[in-house]
Each structure stands twice: as C-alpha cells, then as structure tokens.
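# Residue-level structure breakdown
Chain by chain, the residues:
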Amino acid sequence: MSEVHDIQPSATIARHLLGHELHQLRAERSLTLQTVASALYLSASKLSRIETGRHRAAPADINRLIDFYDAPRAVRERVQQWAVRAMGRSGYHSFADVTDAAMRDYLDMEPSGLRAVYAPGVIPAVLRTRRYAGELLATAGEAERERRLWLLALRQQRFAQLARRPVRVLLAESALDSRIGGPEVMREQAALLREAEGLGFEIAVLPSAVAARVAPGGAFALTVLGDAPLTMAAAEEPGGILRLVPDRGGRATGRFESLWHAATAGSAGVAA
C-alpha cells in the first residue's frame, strides 16, 4: 500500500525524491557529477544540490537530465511529476522567522516519514509537553517563545494525524534524569512518554555509562520517504544547526541500529 505522500507528495518530499531518482540514474551509468555537469553546461555544485534536494530545479533542467540519462518512460513520467510539484513551497514557509531551510524541510518530512530518533540530551520535540518545551525556551524573548510553542503545537498535531507506527525513540538516560523545569515538569513529561509507548512508539533508554562509550555526537533522526525508499538523516551539529542529508550509505541507519541494540540488550525502559 502506498503512503499518502507517494500519491501526492509535498513539495519538499517531491524535491528530495526527485533528487534521489536523479542520483540513481547517474550512479547506474557510472557518471561523475563533473561529467554530467560539463555535458549539460551546469555547475557540478548545482547538480549536487539538485541530487541532495537542496535546490528547487526548473522542470526544463530536469528534462535535460532525464534526456541525457535516456531514462525509461515510467521513470521519466514520475520524475517530471515530482519536478512540477517540487516547485511549491514548504508547508512551514510562514515560520521562516524561527526556522532555517533545513529545519523546514525536516518538518515537512517528519509527520509521515519519521521512523527513528536518538535524543541524548532532551526529549524529542514530537513527545514534549508544552511545559517542558517552554522551559527549554526560557531564555528566548516572550514573542519568540510563543511563536516556537505555536510551531511545536502545529508540528505535534500533524505528526499525530499522519505518523506511521512504530516510531522508535532512543533516549539517553541523562534526558530522563534531567531537572528541566523541576520535578513536577519532569513527572508530567515521563507520564507522556509512558502514554506514547501505548500509542505505537517504541521507547528505549541508553544507560549513561553505555552512551559515554558508544554514542559520541548529538541527536539525529531518520525519516523514510516513498516506497523506494529514500532514508534521510537529520543530525544536530555544534551550535544547534541541523544537517539534513540522504543516508545513501546507510551509515546513520547502521549507527541507530547499533545504539538501539546496545539499549535494548539491557531491557532498559522509560523511567517511572
């Protein structure tokens, strides 16, 4: 059975599926970015951005590429449909004041695409209570804080409507032991996590001692787009910057599976 966005994908998802298909066509022919770019009078960097979904390419450029690859008819038609739809805007374009382009892309993918998330420091956004989220935004100005909480509510609403279960959530023990907002806020947050376990989430906890040994780095999430499928990795980099890239080599997926195994081998669960 196809996913909703396979029938009519959002502009963001269509752009990334389009880029993935073009990458596949080039890779199947053992062509380098530079070879294709030179042949079509494009820059290699522009072609790379198209393939990674970071550039909204004109349909004319897409037609030139699929002609060059001599793509089969079915692929050609699919790519052309994605190219037209990809010209649209993100569903979160009105939140450009509090999000960058990479985050808006991720937010478009998250509702129907999220499959796994590792959160070493704080609870993932889709499972935060409003009070917990508000404490995380305590240093923001009042207007910005309310704007971000509004975005969170919209994000959680869309996720609740479209999410495909199960979604695996791996928390570091330190995220549960945090004193954010005090005991009452954390008890409320823990109660929401226990409720989520009955709603199709699989939640595991990575002990601090294990995390220190096997889990360097920040939070990251995996989203799966389309029936192909295309797995995207969204990783938090220093400074809170989000890096969103196709997980073509399966490195992020493999890392999550390794961490999940390390957590579940000890049968860790959500704290009461």
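Residues numbered from 1 in each chain as written. Predicted model: local features only at pLDDT ≥ 70, side-chain atom pairs only at ≥ 80, totals over all residues. Heavy atoms only, no water.

### Notes on the pattern of salt bridges
The following threshold applies: One side-chain nitrogen of Lys or Arg within 4 Å of one carboxyl oxygen of Asp or Glu is enough to make a salt bridge. Each helix is a run of DSSP H or I of at least 4 residues and each strand a run of E of at least 2, with the numbering of both proceeding from the N terminus. Any residue under 20% of the maximum accessible area for its type is buried, any over 50% is exposed, and the rest in between are partly exposed; the area is computed with a 1.4 Å probe on protein chains only.
According to the stated counting rule, one finds 17 salt bridges in the structure shown. One salt bridge in this structure joins Glu51 and Arg26, with 2.7 Å as the shortest N-O distance. Of this pair, Glu51 sits in helix α4 (residues 44-51) while Arg26 sits in helix α2 (residues 11-28), and the two are 25 residues apart along the sequence. In this structure Glu51 comes out as buried when scored by relative accessible area, which is 3%. In this structure, the salt-bridge partner of Arg145 is Glu146, at a minimum N-O distance of 3.3 Å. The exposure class assigned to Arg145 is partly exposed, which follows from its relative accessible area of 29%. What makes Glu146 partly exposed here is its relative accessible area of 35%. Among the charged side chains, a network of salt bridges with common partners joins Lys46, Asp61 and Arg64.

### Quick word on the environment of Glu51
Stated precisely, the cut-off is as follows: Contacts: residue pairs with any heavy atoms within 4.5 Å of one another. In the analysis that follows, any N or O atom pair within 3.5 Å is treated as a polar contact, provided that within protein one partner can donate a hydrogen and the other can accept it, and provided that, for residues neighboring in sequence, both atoms belong to side chains.
Between the C-alpha atoms of Glu51 and Gly19, which are 32 residues apart in sequence, the distance is 3.7 Å. Residue contacts for Glu51: discarding those within four places in its chain leaves Gly19, His20, Leu22, His23, Arg26, Leu33, Tyr69 and Arg248. Only 3.2 Å separates the side chain of Glu51 from the side chain of His23, close enough to count as a polar contact.

### Here we look at the sheet that holds strand β4 (residues 220-225)
Basically, it comes down to this: Two strands qualify as a pair provided that DSSP identifies no fewer than 2 bridges between them. Axes here mean lines fitted to C-alpha atoms, for a helix over just the part in contact, with angles spanning 0 to 180 degrees between N-to-C directions.
An order of β3-β2-β1-β4-β5-β6 is seen for the 6 strands of this open sheet, with the pairing classed as mixed. A single partner strand is all that each edge strand has here, and the edge strands are β3 (201-206) and β6 (241-246). Neighbouring strand axes in the sheet, compared pairwise and without regard to direction, differ in orientation by 15° on average. Strand direction decides the pairing type here: strand β2 (residues 167-172) and β3, joined by 6 bridges, are parallel. Bridging from a neighbouring strand, Leu171 pairs with Val205 of β3. Running at roughly 130° to β3, helix α11 (residues 183-197) makes contact with β2 and β3 of the sheet.

### Observations concerning the pairing of strand β5 (residues 230-237)
Relative to β5, β4 is paired through 6 bridges, and the arrangement is antiparallel. Across the sheet, the residue bridging to Phe220 is Ala235, located in β5. One ladder, built from 6 bridges, connects β5 with β6; its direction is antiparallel. By the bridge assignment, Met232 is partnered in β6 with Pro246. Between β5 and β6, which pair antiparallel one after the other, the connecting turn spans 3 residues, and Gly239 there sits at a positive phi close to 90°.

### Comments concerning helix α5 (residues 59-68)
As a reminder, the rule being used: To be clear, the arc concerns the directions from the helix axis to the C-beta atoms.
All of the buried residues along α5 are Asp61, Ile62, Leu65 and Ile66. On an axial view of α5, the arc spanned by its buried residues comes to 130°, and they lie on one face. Lining the buried residues of α5 we find α2, α3 (33-39), α4 and α6 (73-85). Where α5 terminates, the next one or two residues include Asp70, which has phi positive at roughly 50°.

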